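One-letter residues, chain by chain:
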Amino acid sequence: MIIKPTLAEKMTIFFDQKNQPNERVTMGLITLQPGEKSPAEGFARHDQDEYSYVISGTAHTILEDGQDLLGKPGDAQLIEKGEGHINYNDGDEPAVVVWMLVDRN
């Protein structure tokens, strides 16, 4: 299966339990436009570890404890399960990030 998202799409799910047999992994791509924040309010939290890789643009990850992790093209991050976080783009171009949620158990 080949999935080709467009930059107009905010988030695309590549693989999840609906289209592949491993329900412990979800993979997708998010495009944050300049000035965009996700989620718009509060912190995102997952029951799985989140791995991400910045393809283009810059994307900040703000952790609940106040750490600001700046992701540039080629950078990878790990957000451990349950850790509150916000992603935002303060750059001039869209930030494109591939992400994967992985259940360790």
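Residues numbered from 1 in each chain as written. Predicted model: local features only at pLDDT ≥ 70, side-chain atom pairs only at ≥ 80, totals over all residues. Heavy atoms only, no water.

The protein chain has the name Cupin type-2 domain-containing protein in an unreviewed UniProt entry, where Candidatus Enterococcus lowellii is given as its organism.

Draft legend 1. Layout of the side chain of N87. Here N87 lies in strand β8 (residues 85-88). Among the polar contacts listed, one links the side chain of N87 to the side chain of T61, at a separation of 3.0 Å. With residues up to four places along the chain from it excluded, the contact list for N87 reads L32, E36, K37, S38, H60 and T61. (Helix = DSSP H or I, 4+ residues; strand = E, 2+ residues; numbered from the N terminus. Polar contact = N/O pair within 3.5 Å; in protein donor to acceptor, adjacent residues only side chain to side chain. Contact = heavy atoms within 4.5 Å.)

Draft legend 2. Structural context of the pattern of salt bridges. For the structure shown, the criterion picks out 3 salt bridges. The salt bridge partner of R104 is D49, with a shortest N-O separation of 2.7 Å. Here the residue R104 occupies a position in the segment after β9 (95-102), and D49 occupies one in strand β4 (residues 49-56), the gap between them amounting to 55 residues. Take R104: its relative accessible area is 52%, and that puts it in the exposed class. In this structure D49 comes out as buried when scored by relative accessible area, which is 4%. A single network of salt bridges, built from pairs that share partners, joins D49, E80 and R104. (Salt bridge = Lys/Arg side-chain N within 4 Å of Asp/Glu carboxyl O. Buried < 20%, exposed > 50% of the residue type's maximum accessible area, 1.4 Å probe, protein only.)

Draft legend 3. Local environment of a negative patch on the surface. The grouping of D68, D90, D92 and E93 at the surface amounts to a negative patch. With respect to the secondary-structure elements, D68 resides in strand β6 (residues 68-71). On the basis of relative accessibility, which here comes to 40%, the residue D68 falls in the partly exposed class. (Patch = residues over 30% accessible without salt bridge, like charges linked within 9 Å, V, L, I, M, F, W, Y side chains within 5 Å. Areas by Shrake-Rupley, 256 points an atom, 1.4 Å probe, with all protein chains shown as cover. Lys, Arg positive; Asp, Glu negative; His and termini not counted. Charge placed at Lys NZ, Arg CZ, Asp CG, Glu CD.)

Draft legend 4. Representation of the side chain of T61. By the element assignment, T61 lies in strand β5 (residues 59-63). In this structure T61 comes out as buried when scored by relative accessible area, which is 3%. Among the polar contacts made by the side chain of T61, one reaches the side chain of Q77 at a distance of 2.8 Å. In this view, T61 contacts Q67, D68, L69, Q77, I79, H85, I86 and N87; residues no more than four positions away in its chain are not counted.

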